[in-house]
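Structure assessment
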Amino acid sequence: MIGEAVRSGARGEFGALVPIRPAVKKTEKCLRGHWLTLDLYDKLAPFSQRYRLHGWLCEVCRGQEVCDPEARRLAEWALLDVTAQHAPDAAPGGGLVLVAYPPATGTLVGRIALHLDGTEVGTVTASPCGRCRMATLDYVHVAAEYRRLGFGRTLVAAAVARAPSYRWTAPLPDGPVAQSFRARIAMRRAGLSCVHAGVLERG
Ligand SMILES: [Zn+2]
Ligand SMILES: [Zn+2]
């Protein structure tokens, strides 16, 4: 029991949360754009105990952040495989994991949540239509204390990973923070809308 309590990181034993990014086959640059592939420095691949994920650490950024304590903490980041999405009743209770909830009967809207140690910290909803081969990104939300860590963009990547060949669109939200996030997602606004949404069972 003690081991589990300590591992939870609830009291900050593992330090500040590091950013996350969707896992890619080959990581070429750090989050500040420093090349990692030129053998300028040793490559460090730390394991995040907090997330239970592998990641990278940029030595250049670490040096910079040591000199400037006010700088954002971007030296280390963890990688999440966005294709690894667990069923709600089979999701691991520890670390950072994606949980996929299927569409409610009669709708196309599916939901994917990001869980940290079994607690939901972010969510995305999307409406893919197999007949139109179109999908709409409906809603992205990340709990306030977990923002600016890449959770939102990772949730978007997880939604797209379920239908990567579809034509994806997203609405324009209200407010400067939401619009700043939205403008970094390479999706157009919805043009023609899917006529099947909500009539899946009858159609
Ligand atoms: Zn760097
Ligand atoms: Zn449709």
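Residues numbered from 1 in each chain as written. Chains lettered and ligands numbered in written order. Predicted model: local features only at pLDDT ≥ 70, side-chain atom pairs only at ≥ 80, totals over all residues. Heavy atoms only, no water.

As recorded by an unreviewed UniProt entry, the protein carries the name Acetyltransferase (GNAT) family protein and is attributed to Amycolatopsis pretoriensis.

1. Notes on the overall build of the protein
Test applied: Strands are runs of DSSP state E lasting at least two residues, helices are runs of H or I lasting at least four, and both sets are numbered from the N terminus onward. The classification of residues rests on relative accessible area computed with a 1.4 Å probe and restricted to protein chains. Under 20% of the type maximum is buried, over 50% is exposed, and intermediate values are partly exposed. Residue contacts follow a heavy-atom distance rule, with two residues in contact if any of their heavy atoms lie within 4.5 Å. Values of accessible area rely on a 1.4 Å probe in the Shrake-Rupley scheme; residue burial ignores everything except the protein chains shown.
Secondary structure assignment for the protein yields 4 helices and 10 strands. For the protein, the N- to C-terminal ordering of α and β elements is α-β-β-β-α-β-β-β-β-β-β-α-β-α. Every one of the 203 residues in the protein was classed for burial, and the buried ones make up 36%. Relative to all contacts within the protein whose residues are 6 or more apart in sequence, the contacts with residues 24 or more apart total 52%. Approximately 12100 Å² of the protein is accessible, and the part contributed by carbon and sulfur atoms is 55%.

2. Quick notes on the pattern of salt bridges
Heads up, the condition is: We define a salt bridge as a contact between a side-chain nitrogen of Lys or Arg and a carboxyl oxygen of Asp or Glu at a distance within 4 Å.
For the structure shown, the criterion picks out 4 salt bridges. A salt bridge links Arg62 to Glu59, with the shortest nitrogen-to-oxygen separation between them at 3.1 Å. Of this pair, Arg62 and Glu59 both sit in helix 2 (residues 59–67), 3 residues apart, which is roughly one turn of the helix. Using a relative accessible area of 38% as the deciding quantity, one classes Arg62 as partly exposed. Residue Arg73 is joined to Glu65 by a salt bridge in which the shortest nitrogen-to-oxygen separation is 3.8 Å.

3. Topic: the coordination of the zinc ion (ligand 1)
Convention followed: Distances decide who is a donor: an N, O or S atom must be within 2.8 Å of the metal, or within 3.2 Å for Na, K and Ca. Water is not included, so sites may look incomplete. Between 85 and 135 degrees for all angles marks four donors as tetrahedral; over 155 degrees for opposite donors together with 65 to 115 for all other angles marks four donors as square planar and six as octahedral; every other arrangement is irregular.
At 2.1 to 2.3 Å from the zinc ion (ligand 1) lie its protein donor atoms, namely Cys30 (SG), His34 (ND1), Cys58 (SG) and Cys61 (SG). Viewed at the metal, the 4 donor atoms of the zinc ion (ligand 1) are separated by angles of 101 to 118°, and the geometry they form is tetrahedral. The sequence motif formed by the donor residues of the zinc ion (ligand 1) is C-x3-H-x23-C-x2-C. Of this pair, His34 sits in the loop between strand 1 (20–22) and strand 2 (47–48) while Cys61 sits in helix 2, and the two are 27 residues apart along the sequence. Accessibility expressed as a relative area gives 23% for His34, which makes it partly exposed. Taking the relative accessible area as the measure of exposure, Cys61 reaches 0% and is therefore buried.

4. A few points about the side chain of Thr27
To keep things clear, this is the line we draw: Whenever a nitrogen or oxygen atom comes within 3.5 Å of another N or O atom, the pair is scored as a polar contact, on the condition that within protein one atom can donate a hydrogen and the other can accept it, and that pairs from neighbouring residues in sequence are kept only if both atoms are in side chains.
Structurally, Thr27 can be placed in the loop between strand 1 and strand 2. Within the structure, the side chain of Thr27 is placed 3.2 Å from the side chain of Trp56, a separation counted as a polar contact. The contacts of Thr27, once residues within four sequence positions are left out, are Leu36, Thr37, Trp56, Trp77 and Leu79.

5. Quick notes on the pairing of strand 4 (residues 76–80)
Both faces of the sheet carry side chains from a regular strand, because those side chains alternate between them. Under the convention used in this document: Pairing between strands is defined by DSSP: at least two bridges between the two strands are required.
Burial analysis of strand 4 places 4 of its 5 residues in the buried class, the great majority of the element. Sheet analysis places strand 1 next to strand 4, joined by 3 bridges and oriented parallel. Across the sheet, Ile20 pairs through a bridge with Ala78, a residue of strand 4. Note that strand 3 (residues 53–57) and strand 4 share 3 bridges and pair antiparallel. Directly across from Trp56, in strand 4, lies its bridge partner Trp77.

6. Quick notes on the pairing of strand 7 (residues 110–116)
Taken across its 7 residues, strand 7 has 6 buried, putting it largely inside the fold. In this sheet, strand 7 lies alongside strand 6 (residues 96–101) in antiparallel orientation, the contact comprising 6 bridges. Considered in strand 7, the bridge of Val97 is made with His115. In terms of strand pairing, strand 7 meets strand 8 (residues 119–129) through 7 bridges, oriented antiparallel. The residue bridging Leu114 from the neighbouring strand is Gly122, located in strand 8. Here strand 7 hands over to strand 8 after 2 residues, with Asp117 in that stretch at a positive phi of 50°.

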